[in-house]
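Structural characterization, general
Residue strings, one per chain:
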Amino acid sequence: MLHNEPIIFEPLFMERVWGGRRLETLYAKRLPHGVRVGESWELVDRADYQSVVHDGPLQGATLHELWAKRRAEIFGDDLPDTPRFPLLFKLLDCQDRLSVQVHPPLAVAARLGGEAKSEMWFIMHSALDSDLYAGLKRDVTRGQFDAALVTGHVADLIHRIPTHVGDAFFIPSGRIHAIGAGNVVFEVMQNSDTTYRVFDWNRLGLDGKPRELHIDESLASINFDDPEPDLVAPDGDTVVACEHFRVERWEIDGSRSCGTERRFAVFTVIDGEIACGSRTFSPGAFFLVPARAALEVSGRGSLLRTSF
C-alpha cells in the first residue's frame, strides 16, 4: 500500500524541574495545565512511552506497531535491524539549566546496563545570554575534576558556548554536556533514555529533595580527552551526518521534493508555513513522510529533514 500523506503523531509532554511553558507560547502545544513542561517527545518507541498516530487511515497505531509490522511499507529499504524505531525526537524548553550529564559509550553502557546515546541539538529559540556546556575546558585533568565534584564547582571546568537561533551541536556518547537556560531545542538521538547526572547546580528537584546523581557511572562514561568542542559547521544543506542519523536544514521558497524514494524522512518546521500533501504545518510541527511517497514540501520557511 502506498502512503501518500504525511503521518502526524501525538506528542507526549514531560514535566521537568528546569522546564517552562514556551512550547505553548511559541508553538501552540496543548500543554497540561500548571505543569513545567521540559520535554515534548514527538516521536518515540519505548517500552514505557509510545507515539500514536494522530489522524488519517493509520489513526491510533503506535510507532512501534508501524515499525514492527509495516516497516518496509512505511519506512523503506535497508533500515537498521532493530526491534524498535531507532531514533527519538524531542523539543526541549530549557527555562533553567539542565543538569551536567553524560551518555555512556556503547562498551560502557553494556557494562553498566544502560544504552548508548549520541544526539544532536538545533537551537530553535534562544534568549539573551543563553549558552550550552560541552566538553571540558582545555587542560582540565581527571584529578581537578574529582576535586570539583567534592567542592561543588564542576561547572567551572566545563566548556561554555554562547548560543543563537540556528546553532547546532553534536553530542557523541561520552561527551559531558548541559543545555543552558533560555534555549528551546530540537533534539534527535539514538533511541535511548540513559542519562547519568554528574552535577545539578546544587538545586532541588520537583519533590523538594536533591536530585539523584550518578557519579560512578558518569566518571566511567566521560571522555576526558574531549577539550572545548565547537558548534557544528554545516556543509551545504547537511547540518549533522553520523552513523545514526543525518539532519539537513532546508530553506523553502517554492517547492521541493521530500526525497523519500527509498526511505522515510522526519520533518520539523523551524519557521514559516510549510505545506505537505493536504496539510499545512506551523513552527514546532513534526511530520513523517513515508518511503516512496510522491510528496513535496512547499511554501516559505525553513525546516529540518532527518533521515538515515
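Residues numbered from 1 in each chain as written. Predicted model: local features only at pLDDT ≥ 70, side-chain atom pairs only at ≥ 80, totals over all residues. Heavy atoms only, no water.

1. Looking at the state of the cysteines
According to the stated counting rule, one finds 0 disulfides in the structure shown. No disulfide involves Cys 258; its sulfur sits 4.0 Å from the nearest other cysteine sulfur, which is in Cys 276. Here Cys 258 falls in the buried class, since its relative accessible area comes to 0%. What makes Cys 276 buried here is its relative accessible area of 0%. (Disulfide = S-S within 2.5 Å. Buried < 20%, exposed > 50% of the residue type's maximum accessible area, 1.4 Å probe, protein only.)

2. Regarding the pairing of strand E16 (residues 286-289)
The side chains of a regular strand alternate, first on one face of the sheet and then on the other. Side chains Phe 286 and Leu 288 of E16 all project onto a buried face; the interleaved residues Phe 287 and Val 289 project onto the opposite face, where all are buried too. As defined by bridge partners, strand E14 (residues 265-276) adjoins E16 across 4 bridges and the pair is classed as antiparallel. Opposite Thr 268, over in E16, you have Phe 286 as the bridge partner. (Helix = DSSP H or I, 4+ residues; strand = E, 2+ residues; numbered from the N terminus. Pairing = 2+ DSSP bridges.)

3. Topic: the side chain of Arg 175
Assignment of secondary structure puts Arg 175 in the loop between strand E8 (168-171) and strand E9 (177-179). A polar atom in the side chain of Arg 175 sits 2.9 Å from the backbone oxygen of Phe 170. When residues no more than four places from it in sequence are discounted, the contact partners of Arg 175 are Gln 101, Val 102, Ala 134, Gly 135, Phe 169, Phe 170, Asp 226 and Pro 229. (Polar contact = N/O pair within 3.5 Å; in protein donor to acceptor, adjacent residues only side chain to side chain. Contact = heavy atoms within 4.5 Å.)

4. So, unusual backbone geometry
Glycine aside, residues mostly have negative phi angles, and peptide bonds mostly take the trans form. A positive phi angle is found at Asp 139, which is not glycine, with a value near 75°. Structurally, the position occupied by Asp 139 is in the loop between strand E6 (131-136) and helix H5 (142-151).

5. Notes on the environment of Pro 6
Relative to the elements of secondary structure, Pro 6 occurs in the segment before strand E1 (12-20). The exposure class of Pro 6 is buried, given its relative accessible area of 9%. Separated by 68 residues in the primary sequence, Pro 6 and Ile 74 have C-alpha atoms spaced 11 Å apart. Residue contacts for Pro 6: discarding those within four places in its chain leaves Cys 276, Gly 277, Arg 279, Phe 281, Phe 287, Leu 288 and Leu 295.

6. Notes on the sheet that holds strand E5 (residues 119-126)
Spatially, E1-E2-E3-E10-E5-E8 is the arrangement adopted by the 6 strands of the open sheet, whose pairing is antiparallel. The sheet is open, and its two edges are formed by E1 and E8, each paired on a single side. Within this sheet the neighbouring strands show an average axis-to-axis angle of 25°, counted without direction. Note: E1 against strand E2 (residues 37-43), 5 bridges, orientation antiparallel. Residue Leu 12 lies in a different strand from E2, and its bridge partner there is Trp 41. (Axes fitted to C-alpha atoms, helices over the stretch in contact; angles between N-to-C directions.)

7. A closer look at the pattern of salt bridges
This model, assessed by the stated rule, comprises 23 salt bridges. Its salt-bridge partner being Asp 146, residue Arg 142 comes within 3.0 Å of it at the nearest N-O pair. Taken together, the residues Arg 142 and Asp 146, both in helix H5 and 4 residues apart, mark about one turn of the helix. The class for Asp 146 is partly exposed, based on a relative accessible area of 30%. Arg 175 is the salt-bridge partner of Asp 226, the closest N and O atoms lying 2.8 Å from each other. Taken as a pair, Asp 226 in the loop between helix H6 (215-221) and strand E12 (238-241) and Arg 175 in the loop between E8 and E9 lie far apart in primary sequence, 51 residues in all. Assigned by exposure class, Asp 226 and Arg 175 land together as buried. When salt bridges with common partners are traced through the structure, they connect Asp 96, Asp 200, Arg 203 and Arg 211 into a single cluster. (Salt bridge = Lys/Arg side-chain N within 4 Å of Asp/Glu carboxyl O.)

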